[in-house]
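Analysis of the macromolecular model
Spelled out from the first residue to the last, the chains are:
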Amino acid sequence: MSLLDDHLTSKAPNDAPATGVGRGRAGLRTWPPSLLVGATLFGLILITLILTPWIMPHDPAAQNLADRLAPSGATHLLGSDHLGRDVLSRLMDGGRFSVSIAAITLLICAVSGTLVGIICARRGGKFDEFVMRLTDVLLAFPEIIVALFLVAILGTNYGTLILALVIGGWTPFARLARSVALEIGSHDYIEAARALGCSSSFIMFRHILPNALSPLLAHAAVRFGHKLITVGALSYLGLGIQPPDADWGSMLANAQPYLTKTPGLIIYPGLAIFVTALSVTLIGQGLNARRNQRG
C-alpha cells in the first residue's frame, strides 16, 4: 500500500475542510489558559468602562448627605460614601481615569523606550554608553519616587502626572529593546541585509522591530499593572487626580476613616485595582507562554 493510500484510509469519510469558525476555535484552544482568562477579564472591564457614561446609575459627583454611608440597596447597589455619592458610579467613572492614564503613559513609555533602545543597539559607541548610564541612574530609584518628586515640584494636574510617569517608566523598555535588538542583530539575515546595502532605518523598522514586538508586548502587559498601582498610589497620597474627579486611589484615601464602619468603601476600589492589574498581568504571562510554545 502506498503512502497516499495510507493517508486516504486514515482520513475519516466525513472530514471536511475547516471553516473560519472552526479554525478560530482551534486557535483559541492553543492559547495558554492565563491568556484566555486575562483577555476575558480585561475585555469585560474595558467594555464596562467604555459604556460607563451611559450605564452608570447616578452622577458620580452628586452629593446627598441624607444618604451618607448608606448600605448596599436598591438605590445604591454598592452603597454610598461619606458625602452620599453613589459608590458604583464613582467606581465606574474613576476607573476610566485610572485605566486611561495608565494606558496612555504605558503607550508613551513603550514607544519612546523601544525606539531609544533599538537606536542604542544600532548606533553603539558613546551615545549608547550615555543612554545606558542614564537608564542606570533612573532605574536606581523606584518609579513612584521619581513620580512623587516631579509631581511635588511641578504641581498636580493630568499633564504633570503623565510626564512624571513617563520619565520614570521608559527605561525598562529601553533596556529590553536594546537587549533584543542586539540579539536579533547578530543573525545572518541582518548581515545579509547590510551586505545588500539596506539602510539602518530599513533594517530597524523592517527586521528588528517586528521581531522584537512579541517580548516587548509581553513586558508592556506586565508593566501596565505597575502603572495602574502607581497612579492609584499617587492619588491616594493626594498627588494624582484632584476632586471633584475621582479615581480608585482617591476613593481608597477617602474611605480610610470609615474602614470599620463601611469596609466596602475600601474593598471595592481595592478589588478593582487588583482585578484589572491581574487581568493584564495574566495577558503578559500568556503572551510569554505562547511565544515559548512557538519556540
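Structure first, text after, so check above.
Read on for an overview of the structure. (Residues numbered from 1 in each chain as written. Predicted model: local features only at pLDDT ≥ 70, side-chain atom pairs only at ≥ 80, totals over all residues. Heavy atoms only, no water.)

**Looking at the environment of W248**
For the record, the criterion: Secondary structure follows DSSP: runs of H or I at least 4 residues long count as helices, runs of E at least 2 residues long count as strands, and numbering of each begins at the N terminus. Per-residue accessibility, obtained with a 1.4 Å probe over protein chains only, is compared with the maximum for each type, and a residue is labelled buried under 20%, exposed over 50%, and partly exposed between these values.
For W248, the position within the fold is in helix α12 (residues 248-255). The class of W248 is buried, set by a relative accessible area of 4%. Measuring from C-alpha to C-alpha, the distance between W248 and R90 comes to 8.5 Å, with 158 residues separating the pair along the chain.

**Describing the packing of helix α7 (residues 143-154) against helix α8 (residues 158-167)**
Rules: Axis lines are fitted to C-alpha atoms, over the contacting stretch for helices. Their N-to-C directions set the angle, which ranges from 0 to 180 degrees. What makes a crossing left-handed is the near helix being turned counterclockwise from the far one by less than a right angle; a clockwise turn instead makes it right-handed. Contact definition: two residues touch when any of their heavy atoms are within 4.5 Å.
Where α7 meets α8, the axes come as close as 8 Å, and the angle between the chain directions of the two elements is 145°. With respect to the hand of their crossing, α7 and α8 are arranged in right-handed fashion. From α7, E143, V146, A147, L150, V151 and L154 reach across to α8, where they touch T160, L163, A164, L165 and I167.

**Some thoughts on the side chain of S80**
For clarity, the threshold we go by: Nitrogen and oxygen atoms within 3.5 Å of one another constitute a polar contact, given that in protein one can donate a hydrogen and the other can accept it, and given that sequence-neighbouring residues count only through two side-chain atoms.
Mapped onto the secondary structure, S80 falls in the loop between α4 (52-55) and α5 (87-123). Within the structure, S80 has its side chain in polar contact with the backbone oxygen of D67 (distance 2.3 Å). From its side chain, S80 meets the backbone nitrogen of A70 in a polar contact 2.8 Å long. In contact with S80, other than residues within four places in its own chain, are D67, R68, L69, A70, R85, V87 and L265.

**Points about the nonpolar core**
Applied cut-off: Here the nonpolar core consists of buried residues drawn from Ala, Val, Leu, Ile, Met, Phe, Trp, Tyr and Cys, with membership extended through side-chain atoms lying within 4.5 Å.
One finds I101, L165, F224, L228 and W248 to be the most contacted residues of the largest nonpolar core, which totals 41 residues. Per element, the largest residue contribution to this core is 8 residues, and it comes from α5. Leave out the neighbours within four places in its chain, and W248 touches L91, G94, G95, S98, V99, L228, P269, A272, I273 and T276. Core analysis: the second largest hydrophobic core is formed by 14 residues, I118, I184, A193 and L216 among them.

**Remarks on a nonpolar patch on the surface**
To keep things clear, this is the line we draw: Surface patches are drawn from residues lacking salt bridges whose relative accessible area is over 30%; two like charges belong together within 9 Å, two nonpolar side chains (Val, Leu, Ile, Met, Phe, Trp, Tyr) within 5 Å. Using the Shrake-Rupley algorithm and a 1.4 Å probe, accessible areas are obtained, with residue cover drawn only from the displayed protein chains. Every case where a carboxyl oxygen of Asp or Glu lies within 4 Å of a side-chain nitrogen of Lys or Arg is listed as a salt bridge.
Taken together, the side chains of L46, I47, I50, L51, W54 and I55 make up a nonpolar region of the molecular surface, amounting to roughly 630 Å² of accessible area. Elements with a contribution of two residues or more to the nonpolar patch: α3 (33-50) and α4. Looking at which element gives the most residues to the nonpolar patch, the answer is α3, with 3 residues. Tracing the backbone shows I47 in helix α3.

**Some remarks on the packing of aromatic side chains**
Here is the rule we go by: To pair, rings of Phe, Tyr and Trp, with the six-membered ring standing in for Trp, must have centres within 6.5 Å; the planes then decide the type, stacked if under 30 degrees apart, edge-to-face if over 60, and tilted in the middle. For a Lys NZ or an Arg CZ to count as sitting over a ring, it must be within 6 Å of the ring centre and within 35 degrees of the ring normal.
Summed over all chains, the structure comprises 2 aromatic pairs. Summarising the aromatic geometry, the rings of F42 and F224 are spaced 6.0 Å apart at their centres and angled 75° between planes, so their arrangement reads as edge-to-face. Taken as a pair, F42 in helix α3 and F224 in helix α11 (residues 200-236) lie far apart in primary sequence, 182 residues in all. The same class applies to F42 as to F224, namely buried. When the centroid spacing of 6.1 Å and the interplanar angle of 10° are considered together, the rings of F97 and Y158 count as stacked. Here F97 is found in helix α5, whereas its partner Y158 is found in helix α8, with 61 residues between them in sequence. According to the relative accessible area criterion, Y158 is partly exposed, its value standing at 36%. Looking at R123, its charged tip hangs above the ring of F127, at a distance of 4.9 Å from the centre.

**Structural notes on the pattern of salt bridges**
In this structure the tally under the stated criterion is 9 salt bridges. One salt bridge in this structure joins D93 and R96, with 3.8 Å as the shortest N-O distance. A residue pair is termed a helical-turn pair when its members lie 3 or 4 positions apart in one helix, as D93 and R96 do in helix α5 at 3 residues. Using a relative accessible area of 13% as the deciding quantity, one classes D93 as buried. A salt bridge links R175 to D136, with the nearest nitrogen and oxygen atoms 2.2 Å apart. Taken together, the residues R175 in helix α9 (residues 171-185) and D136 in helix α6 (residues 125-139) connect sequence positions 39 residues apart. Overlapping salt bridges, with partners in common, bring together E129, R133, D136 and R175 in one network.

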